[in-house]
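What follows is each chain in one-letter form.
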Protein chains: 2
Amino acid sequence: MSQKDSVCSRSYFMVVMVFVHVYILNVMALLFYVYYTSDSAHPPPAGDIALPPPAQSAGPPPPGQPPAQARAQPTHSLQQFSRLHRLEGIKVGHMQKVDLVPNKVHYLKTLSLKPLLFEITNFLSEEECKLVIHLAKLKGLQESQIMPSDLQQEVIDEMDISKEEIFNLLDYNQDGQLQMKEVLTHTRFGDGVWITPENIREIYTGLKADPDGNGLLSLEEFKELNTNAFQTYLRQRGVQKTELVRNSKHTWLYQGEGAHQILRTIRHRVIRLTQLPPEIVEHSEPLQVVKYDQGGHYHAHHDSGPIYAETSCFHTKLVANGSTPLETSCRYVTVLFYLNNVSGGGETAFPVADNRTYDELSLIQNNMDLRDTRLNCDRANLLVKPVQGTALFWYNYLSDGEGWVGEQDEYSLHGGCVVTQGTKWIANNWINIDPDVQRQIQFQQAISKYTNEEAPAEWAVDNIYQDLHVEL
Amino acid sequence: MSQKDSVCSRSYFMVVMVFVHVYILNVMALLFYVYYTSDSAHPPPAGDIALPPPAQSAGPPPPGQPPAQARAQPTHSLQQFSRLHRLEGIKVGHMQKVDLVPNKVHYLKTLSLKPLLFEITNFLSEEECKLVIHLAKLKGLQESQIMPSDLQQEVIDEMDISKEEIFNLLDYNQDGQLQMKEVLTHTRFGDGVWITPENIREIYTGLKADPDGNGLLSLEEFKELNTNAFQTYLRQRGVQKTELVRNSKHTWLYQGEGAHQILRTIRHRVIRLTQLPPEIVEHSEPLQVVKYDQGGHYHAHHDSGPIYAETSCFHTKLVANGSTPLETSCRYVTVLFYLNNVSGGGETAFPVADNRTYDELSLIQNNMDLRDTRLNCDRANLLVKPVQGTALFWYNYLSDGEGWVGEQDEYSLHGGCVVTQGTKWIANNWINIDPDVQRQIQFQQAISKYTNEEAPAEWAVDNIYQDLHVEL
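Residues numbered from 1 in each chain as written. Chains lettered and ligands numbered in written order. Predicted model: local features only at pLDDT ≥ 70, side-chain atom pairs only at ≥ 80, totals over all residues. Heavy atoms only, no water.

K.L.:
Help me understand empty space enclosed by the protein, please; the structure alone is not making it clear to me.
P.N.:
Unoccupied space between atoms shows up once a probe the size of one water molecule is rolled over them. All names here are of chain A. Enumeration over the complete set of coordinates arrives at 2 cavities of 30 Å³ or more. Taken as a whole, the second largest cavity holds about 40 Å³ of empty space. The wall of the second largest cavity is formed by Q255, R267, V270, V281, S284, E285, N429, W430 and I431. Of all the secondary structure elements, the ones that give two or more residues to the lining of the second largest cavity are helix 11 (261-274) and strand 24 (424-432). The element best represented in the lining of the second largest cavity is strand 24, accounting for 3 residues. Each residue belonging to the lining of the second largest cavity can be placed in one class, and the counts come to 4 nonpolar, 3 polar and 2 charged. (1 Å grid on protein atoms, 1.4 Å probe; cavity = no way out; pocket = protein on both sides within 12 Å on 5 of 7 lines; lining within 4 Å. Points joined across faces, edges and corners; volume = space filled by probe spheres on them. Helix = DSSP H or I, 4+ residues; strand = E, 2+ residues; numbered from the N terminus. Nonpolar A, V, L, I, M, F, W, Y, C, P; charged D, E, K, R; others polar.)

What follows is the structure, encoded as structure tokens:
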């Protein structure tokens with residue numbers, strides 16, 4: 001009986017309660033442990049990919065460890081980050097539903113597979129379009145391209161490359177003569193001026209560069225020319241805006257945290273559309289708003305260049321070790337918004353979309369340059385008419401087959417056809433991703449460090465893209 | 001003191017031990033619970049897709065439940081089964097490593113994106129090729145196509161369709177006249193004979209069908225013709241083998257359980273190559289071995305037809321409810337093996353691979369039929385030369401965008417060019433998948449039931465593909 005009494009005693013009750021509490025706490029801890037470990041063992045489906053939390057690498061490294069950037073990445077977070085979602089095109093004309101805005105249905109229509117290009121009508125509402133134009137006007141627009149007369153003439157005479165070497169590089173078919181198209185593919189000659197076959201003939205005559213008048217330059221004729229002869233000639237003769245590669249004005253609108261609500265909304269919608277990691281989209285270039293007046297155009301070009309072993313990206317070059325001779329903007333994706341309806345012209349042309357083959361030289365045939373959006377838009381494989389609120393979305397790079405950014409997609413060549421009547425307003429969102437996954441991760445860590453250190457986010461973004469924006 | 005004693009007492013010890021055991025058991029149960037629930041919440045990555053174990057649906061249903069086939073599928077197993085792996089082509093010329101045979105490296109080379117087509121050199125060894133040819137010879141080969149004279153003439157005069165209606169269906173461009181190419185695209189006219197522009201002219205003359213001799217048939221001229229006029233004319237005039245759609249011999253080699261080791265090995269290698277569910281590949285058609293003698297050919301065709309709402313697949317029609325007017329073989333994938341080196345000709349031609357557009361009528365232009373592999377192989381967009389051991393692998397259907405089989409890929413049009421010297425041996429593996437995922441699942445369950453009931457597996461497969469094999 002005394003035992004039974006003792007079981008009901010106060011001290012026994014205390015012991016049991018401690019047991020019960022320890023038990024409950026243990027079970028809860030176990031539940032949390034198993035939940036979180038099993039979660040990280042199964043990577044979330046593509047599209048929900050998240051960077052490791054900034055805190056992981058942002059703080060000062062523990063004593064005895066190398067600094068965060070130099071430290072090898074844990075394979076765990078690398079795996080999570082190294083697969084990018086890429087939409088399926090299926091076939092030209094294929095329609096797929098997308099969920100971008102609550103209680104509204106949008107359709108993605110495949111316009112081409114090379115490049116992988118989609119059209120989404122009513123991506124922006126009329127009000128959103130008008131507000132973006134308004135914000136751009138408030139910020140003020142600048143000429144997209146500086147006139148050659150305002151540019152300092154480059155001194156490349158001192159370059160360590162001989163005339164013979166230059167001639168050989170230009171002479172694609174190695175027949176010892178420069179055909180007109182061999183000269184035309186090298187836009188550098190024009191110093192920002194769009195070189196046409198007529199220009200070439202005019203320059204040859206003006207410079208007496210082709211005395212036999214056969215339209216071809218021999219090595220001897222080429223050697224007689226000053227390295228900057230073309231540029232110098234054009235500066236002296238004077239250049240019209242319509243003779244430039246692009247004839248437009250533009251500005252940049254910051255879209256990061258604290259930006260105008262409408263710009264935030266557009267960014268979030270782009271994240272839903274592309275299903276790319278939000279951290280990457282948030283740290284991509286600001287929104288570019290472009291205005292083409294009547295007569296405006298942009299000859300066909302690639303939004304981002306090819307990738308070689310030595311190529312680095314503008315946005316990650318700060319975190320990459322050393323500088324490289326080749327740089328490009330690494331714009332994996334372009335999202336182009338039409339902000340108004342254009343009275344005449346202003347189509348977006350994809351001259352070689354879904355062509356069987358891509359050959360740079362065959363873009364120019366019989367004095368006809370397919371890239372010329374003032375003359376030859378009607379010959380483009382694909383022409384998209386601007387319609388207010390419609391978005392175009394394409395990939396400037398192929399997949400590397402492992403879920404990351406691969407080679408440049410040369411078929412993404414596109415341009416803005418001449419505006420024959422009225423004004424054309426568009427906006428561009430680019431998503432910048434380094435084809436080197438390690439460099440992209442380093443960039444994300446570096447930029448999240450800026451943000452954590454309470455530097456204004458705008459400053460960080462603007463700083464990184466500064467060079468790029470000046471160049472463009 | 002008496003309280004302290006009671007804590008050390010025997011009964012107190014018992015209570016504590018019960019607590020401890022209950023605690024341990026609870027924790028273990030919880031661990032198992034959390035582990036298994038979190039596992040099924042994350043579906044396995046594509047490529048590891050497995051069918052629900054046959055036992056799940058094979059046994060007799062528990063009393064009171066409807067039979068297995070009629071029962072609704074649990075969404076769980078459906079999800080596992082409803083995403084098919086599809087390889088990435090990236091771009092023409094892209095190479096990717098594949099792991100097919102231990103200690104050996106194979107490369108997949110992308111030959112075209114439309115259709116999605118790959119080449120794998122040394123997929124089979126020389127010995128494997130020779131053995132397959134040997135096994136085919138042992139089994140014996142039959143003519144791939146029956147001569148029209150041996151066919152019973154179809155009676156379609158009784159069909160409930162008027163001459164006007166037929167004329168209207170044939171008159172693609174609705175200009176009230178039948179151009180030669182409007183007649184040529186309808187191979188049915190030939191009764192297995194390949195109709196060329198020369199044939200048409202010959203038939204028109206023989207039948208006095210085109211009295212005005214302009215090469216066009218008006219409705220009036222068309223009405224004068226008997227429905228089977230073309231077939232009847234060709235039967236009477238007599239037909240050479242080289243005038244048929246295909247001129248080859250073939251046989252079928254069973255590849256299922258119990259088959260020759262080399263055939264099993266090839267099947268397993270095809271599963272690794274395509275990364276499609278093994279259960280689907282195992283229940284696809286047997287291996288077709290084809291022999292083209294000198295002069296042999298196969299004009300360009302699709303291995304499997306288009307899918308309409310009413311179309312059913314040969315392999316699943318037994319499990320589908322009711323019969324449908326349209327049927328096709330639903331060969332999602334073709335794997336073609338070259339078993340020998342051919343002395344002359346015998347290339348595989350893809351006339352429209354990676355064309356910008358596909359237009360059936362534009363295959364025939366100016367009396368030139370791109371599908372004709374006796375005359376126009378040199379005009380094909382892609383020609384593959386037979387090399388012993390090399391495999392070609394392509395998809396005859398697009399993706400539906402949700403991981404299942406979608407529309408027919410019209411660009412998969414291909415044919416065997418005429419063998420100008422020697423003999424050509426090839427083999428074909430087709431992977432049959434119903435574009436209706438539910439029907440494919442029902443088929444898999446039905447066939448696994450056969451297997452479980454100890455009926456010989458060969459019987460089940462042969463039974464299902466019987467019609468198909470006779471037709472081919």
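K.L.:
Sorry if this is basic, but what is going on with helix 8 (residues 197-207) of chain B here?
P.N.:
Note on helix geometry: an α-helix contains 3.6 residues per turn, so any two residues three or four positions apart are oriented the same way. Residue and element names in this part refer to chain B. For helix 8, the full list of buried residues reads P197, N199, I200, I203 and Y204. Seen from one end, helix 8 has its buried residues packed into an arc of 155°, which puts them on one side. K208 sits one or two positions beyond helix 8 and adopts a positive phi of about 50°. (Buried < 20%, exposed > 50% of the residue type's maximum accessible area, 1.4 Å probe, protein only. Arc of directions from axis to C-beta.)

K.L.:
Help me understand the pattern of salt bridges, please; the structure alone is not making it clear to me.
P.N.:
For side chains bearing opposite charge, pairing can occur when the charged atoms are close. Counting across every chain of the model gives 36 salt bridges over all chains. The salt bridge involving R201 of chain A is made with E198 of chain A; its shortest N-O contact spans 3.4 Å. One end of the pair, R201 of chain A, and the other, E198 of chain A, are both in helix 8 (residues 197-207), 3 residues apart, so they sit about a helical turn from each other. Residue R201 of chain A is classed as partly exposed on the basis of its relative accessible area, which comes to 36%. Between R439 of chain B and D436 of chain B there is a salt bridge; the shortest N-O distance is 3.9 Å. Taking the relative accessible area as the measure of exposure, D436 of chain B reaches 30% and is therefore partly exposed. Each of E202, R237 and E243 of chain A takes part in salt bridges that share partners, so that together they form one network. (Salt bridge = Lys/Arg side-chain N within 4 Å of Asp/Glu carboxyl O.)

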